[in-house]
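Examining the three-dimensional arrangement
If you want the building blocks of each chain, they are given just below.
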Amino acid sequence: MAVTILLIAAAVVSHGIDEEAKFPYWQIEDRGVSVRLVQRLPDQTRGYFQARGFSIGDADLIAQQCVFQTIFKNARSQITESGPIHYSLREWVVYTHGREQGLKTREDWRKEWKARKAPAAAQLAFEWSLLPTQQVYQPGDYNWGMSVFNLAPGSTFDLDVIWHQGDEKRVVRIRDIRCAPDERRDPEAQ
Amino acid sequence: MTHRACVVTALFGIFLGLTALDLLAAERQGAQTLPVLSPPMAAPDFVLTGEDGKRYRLSDYRGQVVVVNFWATWCPPCRYEMPAMERAHQKLKDEKIVLLAVNVGEDEESVFAFTGQYPVTFPLLLDRDGTVVKQYPVIGLPTTFVIDPHGNVTYRAVGGREWDDEALLNQLRQLLNRSAL
């Protein structure tokens, strides 16, 4: 019988301004694994998805749900005995106002786009733009992708980031992450 | 300031900016590794039209090592690794090692516009409806496969790499040499 060891990791969690995006980031570094969430403005997201073929309404629907650019990286340079790193976004937990919820994944959106009859090319670009729902990283592997938290612009939340390596399940909580405000809708928000 | 001094200052500024972006991109990338694909698989054959209008069939490259890169113009790490892929192509073009970059889901105009900023001389193929990418184990972009001369996928890199890194190039050369034995 396989035994999984749950480790509430004592990882380094940092917060600052992303050098390239110039927006706030929250980052975990733990034994060669690095996860960085970089805030995206709703306007950026609207523009990005309109350029990929979505209607104004559909692009706005995405933009209003708290989108971060996420970089998940296995920065190790050599294979270890415990093997590759893997994660599933379905395990990650968002804590906000006393509630727990999950992220909105590619599969969740697929149903929505089908119902809204979004163009096929736009759906294809959308799927590839999101952080994969599940992924396996060998040393040196990484992905960039958007993650959608299904929260209103300006919301704050805590997040349990979870991944596995061998028999270990690592859990790191990032506190007080803030979704970017929607300055177009709420010009007073900072 | 003279016109010439202005131009020199502007060029120096651009050089510094690009160097800073290169450093940032390198920092964002992981270690320069080429993990073995486990289990290995026969590479699904495909025929795609290139941005140059030519038709490319994967199986026509049998006997060579083929690096197949799945990418998109809007994907930051895909953009970051393109110059390194071009440098790798320049180093490898006489060695029976070829690079094919398969764009996922975009049209000729988008790819053509991209080459204005990132000029490359290896083929850029168009998988407009994502049919080919679905045949490979790709979950995120960029993902790159290395196919041996017998048509088997042997390595997979998830995320960008510095493809002109000598250790990576030697791994490709060793694959070619092993297959020749």
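Cut-off values and rules
- Residues numbered from 1 in each chain as written.
- Chains lettered and ligands numbered in written order.
- Predicted model: local features only at pLDDT ≥ 70, side-chain atom pairs only at ≥ 80, totals over all residues.
- Helix = DSSP H or I, 4+ residues; strand = E, 2+ residues; numbered from the N terminus.
- Buried ≥ 20, exposed ≤ 12 C-beta atoms within 10 Å, placed from the backbone.
- Contact = placed C-beta atoms within 7 Å.
- Pairing = 2+ DSSP bridges.
- Axes fitted to C-alpha atoms, helices over the stretch in contact; angles between N-to-C directions.
- Nonpolar A, V, L, I, M, F, W, Y, C, P; charged D, E, K, R; others polar.
- Core = buried A, V, L, I, M, F, W, Y, C linked by C-beta atoms within 7 Å.
- Parallel < 35°, antiparallel > 145°, perpendicular 65-115°, else oblique.
- Left-handed = near helix turned anticlockwise from the far one by under 90°.
- Arc of directions from axis to C-beta.
- pLDDT = per-residue confidence, 0-100.

Observations concerning the overall build of chain B
Secondary structure summary: chain B contains 4 helices and 8 strands in total. Along its sequence from the N terminus, chain B presents helices and strands in the succession α-β-β-β-β-α-β-α-β-β-β-α. For chain B, the residues scored as buried account for 37% of the 181 residues in total. In chain B, the share of contacts with a sequence separation of at least 24, taken over all contacts with a separation of at least 6, comes to 76%.

Considerations on the sheet that holds strand β3 (residues 24–30) of chain A
Residue and element names in this part refer to chain A. Sheet architecture is open: 5 strands sit in the order β2-β3-β4-β5-β10, paired in antiparallel fashion. The sheet terminates laterally at β2 (12–17) and β10 (142–148), the two strands that pair on one side only. Strand-to-strand, the axes of this sheet are offset by a mean angle of 20°, without reference to chain direction. One ladder, built from 7 bridges, connects strand β5 (residues 67–74) with β10; its direction is antiparallel.

Observations regarding the interface of chain B and chain A
Taken residue by residue, the interface counts 19 residues in chain B and 23 residues in chain A. Listing elements by their share of the side of chain B that touches chain A, those giving two or more residues are α1 (3–28), α2 (76–92) and β8 (152–158) of chain B. The class makeup of the residues in the side of chain B that touches chain A is 11 nonpolar, 7 polar and 1 charged.

A few points about the sheet that holds strand β4 (residues 65–71) of chain B
All names here are of chain B. If you trace the 8 strands from one edge of the open sheet to the other, you get β1-β8-β7-β4-β5-β6-β2-β3, paired in mixed fashion. At either margin of the open sheet sits one strand with a lone partner, and together these are β1 (36–42) and β3 (55–57). Neighbour to neighbour, the strand axes of the sheet diverge by 35° on average, direction disregarded. Pairing of strand β7 (residues 143–147) with β8 involves 5 bridges; the strand directions are antiparallel. When the bridges of β8 are listed, Thr144 appears paired with Ala157.

Focus on the environment of Leu159 of chain A
Residues and elements named next belong to chain A. Position of Leu159 among the secondary structure elements: in strand β11 (residues 156–165). Look at Leu159 and you get buried, because 24 C-beta atoms sit within 10 Å. Considered as a pair, Leu159 and Leu103 are 56 residues apart in the sequence and their alpha carbons are 10.0 Å apart. If sequence neighbours within four positions are ignored, Leu159 has contacts with Trp92, Val94, Arg173, Ile174 and Ile177.

Here we look at the nonpolar core
With 87 residues, the main nonpolar core has Trp71, Ala101, Val102, Val104, Leu141, Val146 and Ile147 of chain B as its most contacted residues. Apart from the residues within four sequence positions on either side, Leu141 of chain B is in contact with Trp128 of chain A together with Phe70, Trp71, Ala72, Cys75, Cys78 and Val104 of chain B.

Topic: the packing of helix α1 (residues 42–51) of chain A against helix α2 (residues 56–63) of chain A
All names here are of chain A. Put simply, α1 and α2 touch, their axes get as near as 8 Å, and they point 140° apart. What the angle tells us is that α1 and α2 run oblique. Note that α1 runs across α2; the crossing there is right-handed. Together, Pro42, Thr45, Arg46, Phe49 and Gln50 of α1 and Ile56, Ala59, Asp60, Ile62 and Ala63 of α2 make up the contact between the two elements. Per-class residue counts for the contact of α1 with α2 are 6 nonpolar, 2 polar and 2 charged.

So, the pairing of strand β2 (residues 47–50) of chain B
Summarising the sheet, β2 of chain B and β3 of chain B pair through 3 bridges and their orientation is antiparallel. Bridging from a neighbouring strand, Thr49 of chain B pairs with Arg55 of chain B of β3 of chain B.

Some points on the environment of Val148 of chain A
Locating Val148 of chain A in the fold gives a position in strand β10. Through-space distance from the C-alpha of Val148 of chain A to that of Leu103 of chain A is 6.0 Å; in sequence the pair is 45 residues apart.

Some points on α1 of chain A
All names here are of chain A. What α1 keeps buried is the set Pro42, Thr45, Arg46, Tyr48 and Phe49. Along α1, the residues classed as buried sweep out an arc of 165° about the axis, all on the same side. Elements that come into contact with the buried residues of α1 comprise α2, β5 and α4 (120–129). Two residues or fewer after α1 comes Gly53, characterised by a positive phi angle close to 105°.

A few points about the confidence of the model for chain B
Residues and elements named next belong to chain B. Of the residues in chain B, 82% reach a pLDDT of 70 or more, and the chain-wide mean stands at 87. Confidence over residues 6–24 falls short of pLDDT 50; this stretch has 3 contacts with residues more than four positions distant or in other chains. Both scores are given for the predicted complex: the pTM is 0.86, the ipTM 0.87.

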